[in-house]
Protein chains: 2
Amino acid sequence: MPNQLSAAELDEAWRLLSPEDRLEGFELLPRGEAEEFLLALSPHEQAMLILSLPPAERRLWMRSLEPDDAADLVQGAPPEERDGLLALLDETTRREVKALSAYAEDEAGGLMSPRYARVRPDMTVDEALGYLRRQSRQRVETIYYAYVLDSEQHLQGVVSFRELFAAPGDAVVRDIMHTDLVIVPEGMDQEEVSRLFSRHDLLAIPVVDAEGRMKGIVTFDDVADVVEEEATEDIQKLGGSEALDEPYFQVRMREMLKKRAGWLSALFLGEMLTASAMSVYQKEIERAVLLAVFVPLIISSGGNSGSQASTLIVRALALGEVRLRDWWRVIRRELAAGLGLGLILGTIGVVRILAWQSIFHLYGAHYLLIAATVGFSLVGVVLWGTLAGSMLPFILRRLGFDPASASAPFVATVVDVTGLVIYFTVASILLRGTLL
Amino acid sequence: MPNQLSAAELDEAWRLLSPEDRLEGFELLPRGEAEEFLLALSPHEQAMLILSLPPAERRLWMRSLEPDDAADLVQGAPPEERDGLLALLDETTRREVKALSAYAEDEAGGLMSPRYARVRPDMTVDEALGYLRRQSRQRVETIYYAYVLDSEQHLQGVVSFRELFAAPGDAVVRDIMHTDLVIVPEGMDQEEVSRLFSRHDLLAIPVVDAEGRMKGIVTFDDVADVVEEEATEDIQKLGGSEALDEPYFQVRMREMLKKRAGWLSALFLGEMLTASAMSVYQKEIERAVLLAVFVPLIISSGGNSGSQASTLIVRALALGEVRLRDWWRVIRRELAAGLGLGLILGTIGVVRILAWQSIFHLYGAHYLLIAATVGFSLVGVVLWGTLAGSMLPFILRRLGFDPASASAPFVATVVDVTGLVIYFTVASILLRGTLL
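Okay, so let's go over this structure. (Residues numbered from 1 in each chain as written. Chains lettered and ligands numbered in written order. Predicted model: local features only at pLDDT ≥ 70, side-chain atom pairs only at ≥ 80, totals over all residues. Heavy atoms only, no water.)

**What to know about the overall build of chain A**
Helix and strand counts for chain A stand at 22 helices and six strands. Here chain A has a C-alpha radius of gyration of 31 Å; the compact-globule value for 436 residues is 22 Å, and the former is much larger. On the principal axes, the C-alpha backbone points of chain A span a range of 95 × 55 × 35 Å. A total of 436 residues make up chain A; the buried ones form 54% of that total. Within chain A, contacts between residues at least 6 apart in sequence are counted, and of these 66% link residues at least 24 apart. (Helix = DSSP H or I, 4+ residues; strand = E, 2+ residues; numbered from the N terminus. Rg over C-alpha atoms; globule rule 2.2 N^0.38 Å. Buried < 20%, exposed > 50% of the residue type's maximum accessible area, 1.4 Å probe, protein only. Contact = heavy atoms within 4.5 Å.)

Here's what the structure looks like:
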């Protein structure tokens, strides 16, 4: 290994390295890069890395962390190591870290830092700036906003640093502060917190308790990865597995199989109904084997149009573009879309049968009836697939499940059985007296 | 309508309102909320709203916008209105807006603001603070970082406001500035820019030209929505349609049909191969209609396992967890996963057939051979589906396409035909001399 290593190089190789090599690589990083690198790891990896350091360095590193980062790291460590890590902190930080550890990792309280810049409402701008200048020499997470607190820690308002800086020195904080604050309660879910950040373009949001006392701030970098994580979970569910929770190569094979086999087996059990449905129509197939030829085409068209519709609706629900009570508007739209798509596919299907008939003479004397059966079935199956696919996410959410579970395979499975019923029903009507 | 309206209420109703009602609602907003509300609209909607205002107000609003926001709005207006909107700006801003309009909307140059805080390397901290305080009274996008420029606008370094604030007043800027800068070229794609933000937890990144001259800054709020937009595009493609580019209810039906029918028709044409494959096996089906009964079950199992694998890989590629050159490691993993999943589904399938046989006696004298055929086919189809699904994203990216086009329906279509071939091949081997 070279004497000087960059964080990017180490990151590149990280997954392939043994714990010893990781430690060695980490110690070769320049100090500034090392800190950034450490914080980019998962809390568990952070803990394992810190625990592998010699005791003196371990203390140094623990003491350099912000309380919210330290809390995450301690929670990521094996239970038997946590007290040892806490003991490395100074008294104040240890108390802060313990308080933060009471919150779940994915709620506002678990994301927040208790170190924010504060001023009093009756200070002048010059006093406030001087006071902030002293605070900024200690450890304060951000000075982009100064929070105005009364003597009981109740949050009165906020003033951005830039406003304070641009205001006349003898103005009073109370007169320039904003009182229309965006605040979050301690228990708010990180996904909601992240939406507040992106809606209001804020750098930090104060966290308050039920009595309006300020407990800390969540900064934009604490939620920067939330949007990406949530999208990844949704995508993995939409693909028909459970969320992996870890990068692809880091999931162990056992875990990977468990997360994928569950849904796949459930879908397989559901798909068995197609075998039952096919058994019911076995007589029809015996009389007209030609019908079996189009079964995969018909049911896959239903499945494809259904997964298209469900995916669009799942995402629209996740982004808040569509809400639960919009279901009726969605039905009206998807009715039109499904009918249009069904007519397009039905037409292509009919044209294909007529063309093949005129070239290969595959479909016998009743080829027109076969074409009509396939054409009408496609309209019905695509329309039904589109409606079922668009409604499934609403039904799942209404029942308290994640709409993203309305995965493409799930919708396809639901639609396959009904697709068979539609197809054989159309066939029995159109082909009675001729092929059936 | 009430006399005072909140931005949240207007946002709620926005989609349902006529242009006149939108204007009326907008004018009822308190000034502070109105600006935030305006900027949250798409550039096109911003332009339409501003254009519907009376001329005096229109000028007022245009002049209150930051140059990067104004450039977006002007580009969102109908071409014939753009000059009129530009004419409302003051001379300096007009020049800045015109320069910004030369960049594509989704590259760094198109996102950046030319208004940033600058200091000279030889200033003292007190001089720099005084200079910044004057700049902050004019319109500067951010003062969280001050950029250190020489007289030819070459970027020398950066100093965070907090560091400047905490430094002794007589220190020289050159001595406290950082020179290990994260910078982006003007043409960098917004997705890459957004990754830099989330990797380095920065508030702003400077944009420089090929000669190292500073052109502007991109701030974190400019890319806040990029991650979400990119995930939405990927999800919609994975569901088997083109990206909608607009919220669900705002896409017009014509456009919606176009984006959805394209892929659906292409997949339908591909799926027609199943009809051809089934025609090839028509003789076998005539002899053993029972075989047709399991066709939907077999091919859907291939499709489901394939879309599961492709979705996991598409997301892992998008996040950079897996790279193009990792394809061999992925094959090895998916070979194990596919075999495991195939054995699980195959076992369930065999158990199901044996159970149904003992209860309903559906499958005749050769039920053991039928069970074996279904079981072995499932192992083969699921293994093949998993491998094909995991490799398709690599192949697409290698060919220069978006891996997210390896949608669940696309994979299912690819796997359906081969699934039929696997099934009927297994059947012809195991059932020769008995059923076939």
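**Here's the deal with empty space enclosed by the protein**
To locate leftover empty space, one rolls a probe as large as a water molecule over the atoms. One pass over the structure, following the stated rule, counts seven cavities of 30 Å³ or more. In this structure, the largest cavity encloses a volume near 350 Å³. In this structure, the largest cavity is lined by 21 residues; those nearest its centre are F220(A), A224(A), F220(B), V223(B) and A224(B). Where the lining of the largest cavity is concerned, the elements lending two or more residues are α13 (190-200) and α14 (220-223) of chain A together with α13 (190-200), α14 (220-223) and α15 (226-238) of chain B. Tallied by class, residues from the lining of the largest cavity come to 11 nonpolar, four polar and six charged. The space that makes up the second largest cavity amounts to roughly 230 Å³. Around the second largest cavity sit 19 residues that line it, and G303(A), N304(A), A412(A), N304(B) and A412(B) are the ones nearest its centre. Contributions of two or more residues to the lining of the second largest cavity are made by α19 (295-318) and α22 (408-430) of chain A together with α19 (295-318) and α22 (408-430) of chain B. When its residues are assigned to classes, the lining of the second largest cavity shows eight nonpolar, eight polar and three charged. (1 Å grid on protein atoms, 1.4 Å probe; cavity = no way out; pocket = protein on both sides within 12 Å on 5 of 7 lines; lining within 4 Å. Points joined across faces, edges and corners; volume = space filled by probe spheres on them. Nonpolar A, V, L, I, M, F, W, Y, C, P; charged D, E, K, R; others polar.)

**Thoughts on the packing of aromatic side chains**
All names here are of chain A. Considering all chains together, one arrives at 27 aromatic pairs over all chains under this definition. The interplanar angle of 90° and the centroid separation of 6.0 Å between the aromatic rings of Y116 and Y147 together place this pair among those described as edge-to-face. Residue Y116 is found in the loop between α9 (108-111) and β1 (117-119), and its partner Y147 is found in strand β2 (residues 145-149); the two are separated by 31 residues along the sequence. For Y116, a relative accessible area of 4% corresponds to the buried category. (Phe/Tyr/Trp six-rings, centres within 6.5 Å; stacked < 30°, edge-to-face > 60°.)

**What to know about the environment of S301(B)**
Tracing the chain through its elements places S301(B) in helix α19. Its relative accessible area of 3% is what places S301(B) among the buried residues. Expressed as a C-alpha distance, the spacing of S301(B) and M278(B), which sit 23 residues apart in the sequence, is 17 Å. Leaving out residues up to four positions away in the same chain, S301(B) has contacts with F268(A), L345(B), L378(B) and V382(B). A polar side-chain atom of S301(B) sits 2.8 Å from the main-chain carbonyl oxygen of L297(B). (Polar contact = N/O pair within 3.5 Å; in protein donor to acceptor, adjacent residues only side chain to side chain.)

**Overview of the nonpolar core**
Judged by nonpolar contacts, the single largest core of 119 residues is most densely connected at M62(A), L85(A), Y147(A), M62(B), L85(B) and Y147(B). Excluding anything up to four places from it in sequence, M62(B) contacts I50(B), L73(B), V74(B), L85(B), L88(B) and L89(B). Membership of the second largest hydrophobic core comes to 74 residues, among which are L297(A), V289(B), I299(B) and V381(B). (Core = buried A, V, L, I, M, F, W, Y, C linked by side-chain atoms within 4.5 Å.)

**Description of the pairing of strand β6 (residues 214-219) of chain A**
Residue and element names in this part refer to chain A. Burial within β6 is extensive, with five of its six residues counted as buried. Relative to β6, strand β5 (residues 204-208) is paired through five bridges, and the arrangement is antiparallel. Bridging from a neighbouring strand, I205 pairs with V218 of β6. Taken together, β5 and the strand that follows it, β6, pair antiparallel across an intervening segment of five residues, in which G212 is found at a positive phi of about 80°. (Pairing = 2+ DSSP bridges.)

**Points about the side chain of R260(A)**
Positionally, R260(A) belongs in helix α16 (residues 253-280). With sequence-adjacent residues up to four places away left out, R260(A) is seen in contact with S241(A), Q308(B), A309(B), L312(B), E334(B), A337(B), L341(B) and T386(B).

**Looking at the sheet that holds strand β3 (residues 155-160) of chain B**
In any sheet, the strands associate via hydrogen bonds between backbone groups, in a parallel or an antiparallel arrangement. Residues and elements named next belong to chain B. On the basis of which strands lie adjacent, the open sheet formed by three strands has the order β1-β2-β3 and mixed pairing. Two strands close off the open sheet at either side, each with one partner strand: β1 (117-119) and β3. For this sheet, the mean inter-axis angle between neighbouring strands, taken without regard to orientation, is 35°. Judged from the three bridges that link them, β1 and strand β2 (residues 145-149) form a sheet pairing that is parallel. Residue pairing across strands places R118 opposite Y147, the latter belonging to β2. (Axes fitted to C-alpha atoms, helices over the stretch in contact; angles between N-to-C directions.)

**Structural notes on the environment of E57(B)**
Residue position: E57(B) is located in helix α5 (residues 55-64). The exposure class of E57(B) is partly exposed, given its relative accessible area of 28%.

**Some thoughts on the packing of α19(A) against helix α21 (residues 367-398) of chain A**
Residues and elements named next belong to chain A. Here α19 crosses α21 at 30°, and the two axes come no closer than 7 Å. It follows that α19 is roughly parallel to α21 by the angle criterion. Classified by chirality, the crossing of α21 by α19 is right-handed. Of the residues in α21, those touching α19 at I298, S301, G302, S305, G306, A309, S310, I313, V314 and L317 are V374, S377, L378, V381, V382, G385, T386, G389, S390, P393, F394 and R397. Here the residues of the contact of α19 with α21 are counted per class, giving 11 nonpolar, 10 polar and one charged. (Parallel < 35°, antiparallel > 145°, perpendicular 65-115°, else oblique. Left-handed = near helix turned anticlockwise from the far one by under 90°.)

**Observations regarding helix α3 (residues 31-40) of chain A**
Residues and elements named next belong to chain A. Within α3, the full set of buried residues consists of A34, F37 and L38. Relative to the axis of α3, the buried residues are bounded by an arc of 100° and lie together on one face. Opposite the packed face of α3, turned more than 90 degrees from it, sit the exposed residues G32 and A40. Elements that come into contact with the buried residues of α3 comprise α1 (7-13), α2 (19-28), α4 (43-51) and α5 (55-64). (Arc of directions from axis to C-beta.)

**Describing the relation of the copies chain A and chain B**
With an RMSD of 0.2 Å, the operation that places chain A on chain B is a rotation of 180° combined with a shift of 0.0 Å along the axis. One copy is carried onto the other by what is essentially a two-fold rotation axis. Most of the interface of chain A is mirrored in chain B, where 100% of its interface residues again form contacts. (Least-squares fit on C-alpha atoms with pLDDT ≥ 70 in both.)

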